[in-house]
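Here's the letter readout for the chains.
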Amino acid sequence: MEQTKILLPEDEIPKAWYNIQADLPSPLDPPLNPQTGEPIGPDALAPIFPMELIKQEVSQERWIPIPEEVREVYRLWRPTPLYRAVRLERALKTPARIYFKWEGVSPPGSHKPNTAVAQAYYNMREGVQRLTTETGAGQWGSSLAFATMLFDLKCTVYMVKVSYEQKPYRRILMETWGAECLPSPSDRTNYGRRVLQEDPNCPGSLGIAISEAIEDAATHEDTKYSLGSVLNHVLLHQTVVGLEAKKQLEQVDEYPDVIFGCVGGGSNFAGLCFPFLADKLTGKRPELRAVSCEPKACPTLTRGPYTYDHGDAAGLTPLLKMYTLGHTFVPPPIHAGGLRYHGDAPLLCKLTKEGYMEAVAYHQNEVFEAARLFARAEGFVVAPETAHAIKAVVDEALRCKQTGEEKVILFNNSGHGLLDLAAWDAFLRKKLIDYELPEKMIEEALKRLPKSGGGS
Ligand SMILES: *Cc1c(COP(=O)(O)O)cnc(C)c1O
């Protein structure tokens with residue numbers, strides 16, 4: 001009988017995060033000031049982020065120590081289990097061996113608290129009293145609510161109004177953990193009041209919610225802003241996932257041939273694959289493949305150009321070099337809300353551009369079909385985001401069945417779907433729509449890319 005659940009003792013929770021910037025073949029292109037087109041210095045970020053996170057954002061050190069207080073909180077659910085999906089292998093009749101890291105065991109149910117906890121800690125250390133953020137469906141908002149509670153910080157979450165009204169469960173989680181959750185546009189900020197004046201029934205958008213959260217932080221001395229994906233320091237914090245997985249695979253004498261993960265902003269997948277990609281970048285594992293899985297309704301890596309763009313829909317943030325569909329691109333309303341982002345993490349984009357990573361895109365029905373197969377084989381009902389990675393895993397395992405290859409496949413099971421059952425219901429009742437994006441729609445959005453910066 002194969003070992004199906006590979007555990008680590010608590011003292012094997014990593015003591016340092018892995019910073020892939022130290023091993024890049026060339027440095028990242030710097031963020032640019034949208035007004036001047038000049039690189040922005042760390043000082044420009046000081047009004048909204050604590051100094052320690054700004055330092056991590058630009059650090060070239062390979063290892064960044066994890067504070068003991070953060071490891072103490074990680075201990076609530078880390079190390080997370082690594083599973084071998086033997087029942088899925090059997091169902092697919094594949095000679096491949098499939099492993100997954102299970103991040104759904106955290107209290108909010110996903111990988112997101114790995115960074116939320118670190119961010120709350122550094123803010124607390126620097127005397128910050130309150131954090132603001134935006135949230136769509138609420139995965140990030142609830143993770144930050146959980147993390148701020150543990151370090152006695154206040155938390156204000158601007159939640160897109162339609163989600164606030166239609167998806168109450170994660171709002172209830174946020175309130176249970178003591179955060180204040182406001183439907184955005186709200187009357188709390190100048191920007192929100194202006195939007196409401198023009199349209200009192202505005203359903204809100206992530207762009208509006210980001211603008212409100214940043215304005216709130218920038219106009220209050222004791223308040224900072226927090227982001228749940230995309231930025232270098234967020235990806236850094238997520239590397240606990242891959243560092244643990246590496247040790248767990250060593251225990252059973254395995255190393256992956258190919259790693260899959262879903263990509264919205266890129267944090268869960270980078271967290272799993274960067275510690276392995278270190279071996280590819282340093283020439284030890286040249287054959288290793290890392291494949292990002294994204295929705296065809298928001299095909300950033302597979303159809304977007306690699307160029308400078310704003311990180312947010314409102315056009316407030318510095319310009320980041322990334323694959324992007326244009327910051328004004330509004331993806332169709334697929335159920336994997338966490339994958340509806342116009343860009344991707346600059347680190348992941350650079351590694352993709354330089355050929356160290358690949359990307360694939362899928363429609364939501366085929367994605368849910370694969371996740372249903374997984375649920376019926378392995379039991380876990382995953383988040384619609386995670387289901388994209390499972391589709392890629394199933395396809396790869398079936399290719400191995402044809403060729404007879406005994407590949408080792410690893411993927412990040414980024415979160416459970418127990419608060420996404422409405423999406424599962426829509427799938428089961430055959431009400432899910434597959435959106436085919438016309439090239440024209442992408443071209444239109446790309447016309448509104450910022451002028452400064454230039455593309456490639
Ligand atoms: C938010 C979320 C994602 C997408 O975000 P990344 O930064 O790309 O990881 C993926 N899976 C789950 C479960 C999420 O909550």
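Data block above holds the structure.
Student: For this particular structure, what's the right way to read the nonpolar core?
Tutor: Note that soluble globular proteins tend to have their nonpolar side chains buried in a common cluster. W17, Y74, V117, F274, F276, L277 and M357 are the most contacted members of the largest nonpolar core, which totals 73 residues. Here this core takes 9 residues from helix 12 (residues 267–281), the largest share from any one element. Those residues in contact with V117 that lie beyond four places of it in its chain are V70, V73, Y74, W77, F146, A147 and F151. Of all hydrophobic cores here, the second largest spans 35 residues; its members include Y362, A371, V393 and L432.

Student: Explain the environment of H310 to me, please; I cannot follow it from the model alone.
Tutor: Mapped onto the elements, H310 comes out in strand 12 (residues 306–310). Note on H310: relative accessible area 7%, which makes it buried. Separated by 139 residues in sequence, H310 and L449 have C-alpha atoms that sit 8.2 Å apart. Not counting the four nearest positions on each side in its chain, H310 is found in contact with P34, G315, L316, T317, P318, L319, M322, H327, H342 and P450.

Student: It is not clear to me how the site of the ligand should be interpreted in this structure. Could you clarify?
Tutor: Inspection of the region around the ligand gives 19 residues, with K112, S229, G264, S267 and N268 positioned closest. Taking G264, its main chain carries an N or O atom lying 2.7 Å from an oxygen atom of the ligand. Contacts to the ligand include S267, whose side-chain N or O atom sits 2.7 Å from an oxygen atom. Contact with the protein chains covers 96% of the free accessible surface of the ligand, which is 380 Å². Among the secondary structure elements, those contributing two or more residues to the shell around the ligand are helix 12 and helix 16 (384–403). Partitioned by chemical class, the residues of the shell around the ligand number 4 nonpolar, 13 polar and 2 charged.

Student: Help me understand unusual backbone geometry in this model?
Tutor: A negative phi holds for most residues other than glycine; trans holds for most peptide bonds. Residue P79 is bonded to the preceding R78 through a cis peptide linkage, with omega at -10°. If you trace the backbone, P79 turns up in the loop between helix 2 (68–74) and strand 4 (82–84). Going from S184 to P185, the amide bond is cis rather than trans, its omega being 10°. Tracing the sequence through the fold places P185 in the loop between strand 8 (180–184) and helix 8 (190–198). Despite not being glycine, V230 shows a phi value in the positive range, around 70°. Judged by its relative accessible area of 8%, V230 is buried. Of note, K430 is a non-glycine position whose phi angle comes to about 60°, a positive value. Checked against the element boundaries, K430 lands in the loop between helix 17 (421–428) and helix 18 (439–446). Note on K430: relative accessible area 73%, which makes it exposed.

Student: Help me understand the pairing of strand 12, please; the structure alone is not making it clear to me.
Tutor: The two faces of a sheet get side chains in turn, since along a regular strand they alternate between them. With respect to burial, strand 12 is a largely interior element, 5 of its 5 residues being buried. Across 5 bridges, strand 12 lies against strand 13 (residues 319–323) in antiparallel orientation. What sits directly across from Y306, in strand 13, is Y323.

Definitions and limits used
Residues numbered from 1 in each chain as written. Predicted model: local features only at pLDDT ≥ 70, side-chain atom pairs only at ≥ 80, totals over all residues. Heavy atoms only, no water. Core = buried A, V, L, I, M, F, W, Y, C linked by side-chain atoms within 4.5 Å. Buried < 20%, exposed > 50% of the residue type's maximum accessible area, 1.4 Å probe, protein only. Helix = DSSP H or I, 4+ residues; strand = E, 2+ residues; numbered from the N terminus. Contact = heavy atoms within 4.5 Å. Near = heavy atom within 4 Å. Polar contact = N/O pair within 3.5 Å; in protein donor to acceptor, adjacent residues only side chain to side chain. Areas by Shrake-Rupley, 256 points an atom, 1.4 Å probe, with all protein chains shown as cover. Nonpolar A, V, L, I, M, F, W, Y, C, P; charged D, E, K, R; others polar. Pairing = 2+ DSSP bridges.

It is worth stressing that arrangement in space is one thing and function is another; only the former is reported here.
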